[in-house]
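# A closer look at the structure
Next come the chains, spelled out residue by residue.
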Amino acid sequence: MREIPGIDVVTRLYDLADLPHLDQLIFSLMGQTDAMPVQLHIMLQRFTFTEVQRVREATWRLRRLRDRTSMTLHNWDYPAPFDLRVPMLNWGLEVAQARYITCLDVYDRLCPHACAALLARLCGTEAALALGGTALQPVLWWDDVMVPIPEQADELAVPTPVFVADRSRIAVKDCVFRTGEPDLEIAEFIERLRGHYPVDTACQGKTVALRIYPIS
Amino acid sequence: LTADGYIGNVPARLRRGQLFMPDTPLFPLEQERSLEVPLGYATPAGAPNVAVLLHAFHTELMPEFRAYLDHIPFPADLFISTDTGEKRAPISASFDNWAKGPVEVRVLPNRGRDIAPKLVGFAAVHDRYEYVLHVHTKSSLHNSGLAGWRAYLLDTLLGSPAVIHGVFEAFARAPWLGMIAPQHIEYLRPWIRWGENHAQANDLAARMGFPLPPTAPLDFPSGSMFWARSAALRPLLDLHLSIADFQSECGQIDGTLAHSIERLYFLVCERAGFNWLKITARGALLEQGGVTAVTSPQQLDRFLARYRLRLDSLRDETRPIEDPPVITSPPRRPQRVLPVTWRTSLGEPALGECTPVPANRQLVVALHGTASSSALLRSVHVALGLLPEGVHGQLLTMPGASRAFAQQAGFATGADVVLLIGAPGLLHPQSCAAVMRMSEAQEGRALLEVVCVPNRESRPVNSQDFSLPWVGGPAIAIHRSLHDAVGGPDELLESKEADQDYSQRARAHGFDLLLCPRALFYTDQAPVPAAPGDRRVA
């Protein structure tokens, strides 16, 4: 890690079908009230050249919305391992260079003050991790059309909180994602660090992000 | 069949993050055979004793189901279940002139998806009819890859009278045939496995008297829609399950008793002494490899004899794989591109993606109130730069101005459409183009609301035509014809009341109130406190 200003955001894209979700995630990153630079790392799972181009074309307009924002596509094009969920996150940790980092799902949407609030908590405390509350937003969606629907969130599973980590306060050996229960790698990361490092939970009772939940 | 047990395009599947190596290899190739319907020859007309069991959760799909069920070429009694009393009326209305038999609509608890209503709610129906059709208003919106699934299932089971004649021709020629179900769509194949459903399935299998080891070969009517002889379901019906046996509904996509039963259907059929068959609507699958067309009764007999499958027989790995039947190669047909959905057919015209916007149109984005941040200005410039070719875009900034004043000023410039933004935030690059297209598609007869993200105050949206009960929020689009007819909002009212009042007046003049789902405004306002019961991390 080299301490460059700003925050690194790592997200994974498995399939072009999720491009509309990536679009909205980036849109919410561009709208952050904090002027801190954002380095977005999009980890692609075995995309072809054409597919990488599709991602590039789909995101270039959004890049124009904000200064001091960089976006890098990282394509894992090796045939192994089959399950890249954790390797792609760890690769994101490797390529990230800022002191602060977060890993978001393409279904996440940050509220405007999310980054500012979580970074303020890290700067004002000794915490290695600041957690923010995530609320579920049920939606109907098809293609790139997404229509929010009235609340049904109280019957849905509790989403993993969003986090911002201060890597200068975490040992390198701990700052790694591990294979565990499917789709719980970020939750496992948070829980593991929570057991060894101070974690700030002041924003956990607030909604700083939405998790899009497609409803059938 | 590849070395790792997959069939088909392995890399394409592995690119999807959700996919993993299955516990056991997928099917041997012989099991991949499916019979193409309609059959390639005229089949004799019959009048089987048929009950249609339809679970109608999504009542907006009733016209679609009515159209498919109208293809049944003989008498058929309808038994329709739903989950609320309010849905009874629209369901009944959709079938009020059903001339092929009686129609019964029952309201049943919302448990067990479509499975419990049919196997528990209408269990007795199976005693009175020789054949049953199980269908339901499947809507797999959790996964865009499944968007065309329902259409495929219905096309395969009910796509035309000839399709249904083909189904009953197979039943007639094969008394041992208990169940006929659609072949899996390609996208689903990696999910054709026990997954989290084995434990519950094993319990049920034990109650029915047969073992179900975790390595048991698996095939089932994915989507739980099929034609069947009632007798083929008897072991399952004799369990006398109750609604309470099924988990309460909370949006599960796997791991429920209903999902387990779905995976047991073919095994139940075998337990009852029958075999099963998979069929495919002509030209419906992208992967046509295992689809077999027959052009004569003899060819059908040969196909049925060769592909009389039993899952338990597949456990014998020494059994040789037979050659495919000698059947005239079907002509290569144009492949239908999935997904094609009712939403696409209905929603796209409303969105106007295919509607040309005349080059002389003019859009004005008017920023009023507190909408004046540099980020917003920049995003508006980007969005205006992406308007359809020839459409003129203009930005008006009027910090502190009221919406009524901004609206008046916008139309004073000669605009055809004014997009009013009254709060700081960020406009998505595609928003201006989306507003113009949708406005054009509606011929200017609509008041449009831009979707605000993150959205915590959502109103019910009609997912077919995007209509709203009222239009409001920090970003709305008004067409000149609406402005000429209605004028501006009532400035004496509070913001929300003014929105509702304006919407009512617009509707009174014949304008639609619509959400423009491809136009997004990222609002720079603090998030609204979550509603009671909202589950957030504590």
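Residues numbered from 1 in each chain as written. Chains lettered and ligands numbered in written order. Predicted model: local features only at pLDDT ≥ 70, side-chain atom pairs only at ≥ 80, totals over all residues. Heavy atoms only, no water.

### Let's talk about the overall build of chain A
- Secondary structure assignment for chain A yields five helices and nine strands.
- Mapped in sequence order, the helices and strands of chain A form the string β-α-β-α-β-α-β-β-α-β-β-β-α-β.
- Counting across all 216 residues of chain A, residues that qualify as buried make up 61%.
- Considering only contacts in chain A between residues 6 or more positions apart, those separated by 24 or more positions represent 81%.
- Accessible surface for chain A amounts to roughly 8300 Å². Of this, 54% is attributable to carbon and sulfur atoms. (Helix = DSSP H or I, 4+ residues; strand = E, 2+ residues; numbered from the N terminus. Buried < 20%, exposed > 50% of the residue type's maximum accessible area, 1.4 Å probe, protein only. Contact = heavy atoms within 4.5 Å. Areas by Shrake-Rupley, 256 points an atom, 1.4 Å probe, with all protein chains shown as cover.)

### A closer look at the sheet that holds strand S14 (residues 446–453) of chain B
All names here are of chain B.
- Across the sheet, seven strands lie side by side as S11-S10-S12-S15-S14-S16-S13; this open sheet has mixed pairing. Among the strands making up the open sheet, the edge pair consists of strand S11 (392–399) and strand S13 (425–427). Adjacent strand axes in the sheet meet at a mean angle of 30°, parallel and antiparallel pairs treated alike.
- With three bridges joining them, S13 and strand S16 (residues 512–523) adopt antiparallel strand pairing. (Pairing = 2+ DSSP bridges. Axes fitted to C-alpha atoms, helices over the stretch in contact; angles between N-to-C directions.)

### Some words on the pairing of strand S5 (residues 131–136) of chain B
Residues and elements named next belong to chain B.
- With respect to burial, S5 is a largely interior element, six of its six residues being buried.
- Here S5 shows a buried face lined by Tyr131, Leu133 and Val135 and a second buried face lined by Val132, His134 and His136.
- As paired strands, strand S2 (residues 50–55) and S5 are joined by six bridges and run parallel to one another. Each bridged residue has a counterpart across the sheet, and for Val50 the counterpart in S5 is Tyr131.
- Strand direction decides the pairing type here: S5 and strand S7 (residues 226–229), joined by four bridges, are antiparallel.

### Overview of helix H10 (residues 257–271) of chain B
All names here are of chain B.
- Along H10, the sharpest kink reaches roughly 45°, centred on Tyr265.
- Burial analysis of H10 places 14 of its 15 residues in the buried class, which makes it a mostly covered element.
- Phi turns positive one or two residues past the end of H10, at Gly273, with a value near 95°. (Bend = angle between axes of the 7 residues up to and from the residue.)

### Some details on the side chain of Arg229 of chain B
- Tracing the backbone through its elements, the reader meets Arg229 of chain B in strand S7.
- Aside from chain neighbours lying at most four places away, what touches Arg229 of chain B is Glu130, Tyr131, Phe171, Ala174, Pro175, Leu177, Gly178 and Phe274 of chain B.

### Some thoughts on the pairing of strand S10 (residues 362–369) of chain B
All names here are of chain B.
- Along S10, seven of the eight residues are buried, which leaves the element largely enclosed by surrounding structure.
- Examined bridge by bridge, S10 and S11 share eight bridges and lie parallel to one another. Along S11, the bridge assignment pairs Gln362 with His392.
- In terms of handedness, the path from S10 via helix H13 (residues 374–384) over to S11 forms a crossover that is right-handed.
- Across five bridges, the pairing between S10 and strand S12 (residues 417–421) is parallel. Its bridge partner lying in S12, Ala366 is registered against Leu420. (Right-handed = clockwise from strand over helix to strand, strands pointing away.)

### Things to note about unusual backbone geometry
Residue and element names in this part refer to chain B.
- In this chain, Val37 is followed by Pro38 through a cis amide linkage whose omega measures -5°.
- Positionally, Pro38 belongs in the loop between strand S1 (34–37) and S2.
- Phi is positive for Ser224, which is not a glycine, with a value near 50°.
- Inspection of the secondary structure puts Ser224 in the loop between helix H8 (198–208) and S7.

### Things to note about the sheet that holds strand S9 (residues 291–292) of chain B
Residues and elements named next belong to chain B.
- In space, the nine strands of this open sheet follow the order S4-S3-S2-S5-S7-S6-S8-S1-S9, with mixed pairing throughout. Pairing within the sheet leaves two strands with one partner each, and these edge strands are strand S4 (103–107) and S9.
- As judged from the three bridges shared by S1 and strand S8 (residues 275–281), these two strands associate in the parallel manner. Along S8, the bridge assignment pairs Glu36 with Thr280.
- Along the sheet face, helix H7 (residues 161–173) touches S1, S2, S5, strand S6 (177–182), S7 and S8 and points at about 150° away from the line of S6.

### As for the confidence of the model for chain B
Residue and element names in this part refer to chain B.
- Per-residue pLDDT for chain B has a mean of 79; in total, 78% of the residues score no lower than 70.
- Taking the mean pLDDT of every element in chain B, the minimum, 30, falls on helix H1 (residues 10–14) and the maximum, 96, on S7.
- Counted against residues more than four places away or in other chains, residues 1–31, with its pLDDT under 50, gives 72 contacts.
- Across residues 526–538, confidence stays below pLDDT 50; counting only partners more than four residues off in sequence or on other chains, it has 31 contacts.
- Scoring the predicted complex yields pTM 0.54 and, for the interface, ipTM 0.87. (pLDDT = per-residue confidence, 0-100.)

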